[in-house]
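Fold and geometry: a report
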Amino acid sequence: MSMIGYFLRADEDTTQKIRIGEGSQFLFGNDDSDSLLCIDKAWHAIHFIVTGCVWDIPEDEPLGQLVLGGTPINDEDMGYGPARLIPKETVAQLSESLEKWDEASFRENFRMQDMISHEVYPVMSDEDEELFFEYVWENFDELKKFYKTAAQEGQNVIAFLG
């Protein structure tokens with residue numbers, strides 16, 4: 001079974017509906033595809049590259065909140081636990097922190113052997129490094145744009161693995 005990373009940009013009304021358990025329509029039946037982003041299986045590699053941590057969320061690194069951060073918004077299991085709320089204030093901080101990350105800085109922090117040795121999902125030992133880099137970079141770049149839009153619109157982000 002695959003672990004796919006999803007992110008939803010949500011205004012306060014949508015956030016409240018998800019909080020009280022009316023989230024499925026927003027998280028899976030969302031007609032507004034612009035507000036829902038799927039970064040496929042790249043989520044764990046992105047977290048590792050920007051934080052240097054496998055699962056931990058470093059308190060001194062704001063980007064620790066980017067993929068695995070937030071607090072559970074309700075008790076509904078989205079496949080691999082509940083969706084997590086990243087409040088708009090944190091979204092704004094993340095967007096600002098992401099500004100310094102261009103392809104060169106991302107490449108500098110991309111260490112394939114470290115990901116393999118730490119069993120970062122979904123890296124395999126026979127993975128083509130260049131193809132995997134392109135895959136992760138493209139998803140990171142989309143996530144970066146997504147957070148920028150959310151910050152500009154004063155939105156929360158709801159993150160979950162499904």
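Here is what the cut-offs are and how they apply
Residues numbered from 1 in each chain as written. Predicted model: local features only at pLDDT ≥ 70, side-chain atom pairs only at ≥ 80, totals over all residues. Heavy atoms only, no water. Core = buried A, V, L, I, M, F, W, Y, C linked by side-chain atoms within 4.5 Å. Buried < 20%, exposed > 50% of the residue type's maximum accessible area, 1.4 Å probe, protein only. Helix = DSSP H or I, 4+ residues; strand = E, 2+ residues; numbered from the N terminus. Contact = heavy atoms within 4.5 Å. Phe/Tyr/Trp six-rings, centres within 6.5 Å; stacked < 30°, edge-to-face > 60°. Pairing = 2+ DSSP bridges. Salt bridge = Lys/Arg side-chain N within 4 Å of Asp/Glu carboxyl O.

Before going further, it helps to spend a moment on the nonpolar core. Residues F7, I46, L66, M115, F140, L143 and Y147 are the most contacted members of the largest nonpolar core, which totals 39 residues. Broken down by secondary-structure element, the contributors of at least two residues to this core are α3 (43-51), α4 (65-68), α5 (88-98), α7 (112-117), α8 (129-152) and β5 (156-161). Counting residues per element, this core draws most heavily on α8, at nine residues. Among all residues touching F7, those that are not within four sequence positions of it are S35, L36, L37, I39, L66, V67, L143, F146, Y147, V157, I158 and A159.

A few words on the packing of aromatic side chains. What the rule picks out here adds up to 14 aromatic pairs. Relative to Y147, the ring of F7 lies with its centre 6.4 Å away and its plane at 65°, an arrangement referred to as edge-to-face. Here Y147 lies in helix α8 and F7 lies in strand β1 (residues 5-10), a separation of 140 residues in the sequence. Overall, Y147 belongs to the buried group, its relative accessible area being 0%. Geometrically, the ring pair formed by F106 and F133 is tilted, given 6.0 Å between the ring centres and 50° between the ring planes. You can see F106 sitting in helix α6 (residues 103-109) and its partner F133 sitting in helix α8, a full 27 residues away along the chain. Of the two residues examined, F106 and F133, each falls in the buried class. Here a set of aromatic residues connected by ring pairs shows up, and it is made of W101, F106, F110, F132, F133, Y135, W137 and F140.

For a regular strand, the rule is simple: side chains alternate between the two faces of the sheet. For β1, a buried count of six out of six residues is recorded, marking the element as mostly surrounded by other parts of the structure. Judged by which residues are buried, β1 turns out to be covered on both faces: G5, F7 and R9 on one side and Y6, L8 and A10 on the other are all buried. Across six bridges, β1 lies against β5 in antiparallel orientation. The partner of F7 across the bridge, within β5, is A159. Examined bridge by bridge, β1 and strand β2 (residues 36-38) share three bridges and lie antiparallel to one another.

Our next topic: the pattern of salt bridges. Per the counting criterion, the structure on display carries eight salt bridges. Ionic pairing is found between R9 and D34, a salt bridge with its closest N-O pair at 2.9 Å. Taken together, the residues span a long stretch of sequence, with R9 in strand β1 and D34 in the loop between α2 (24-27) and β2 at a distance of 25 residues. Close ionic contact of R111 with D114 constitutes a salt bridge, the shortest N to O distance being 3.0 Å. Residue R111 is classed as partly exposed on the basis of its relative accessible area, which comes to 34%. Of the residues examined, D114 reaches a relative accessible area of 30% and is grouped as partly exposed. Overlapping salt bridges, with partners in common, bring together R9, D34 and E153 in one network.

A few words on unusual backbone geometry. Here the bond from Y121 into P122 is cis, since omega is 0°, no more than 30 degrees from zero. Counting through the fold element by element, P122 comes out in the loop between α7 and α8. One non-glycine residue, D40, lies in positive phi territory at about 55°. When you line up the elements, D40 lands in the loop between β2 and α3. The phi torsion at E119 lies on the positive side, around 55°, for a residue other than glycine. Looking at the element boundaries, E119 is found in the loop between α7 and α8.

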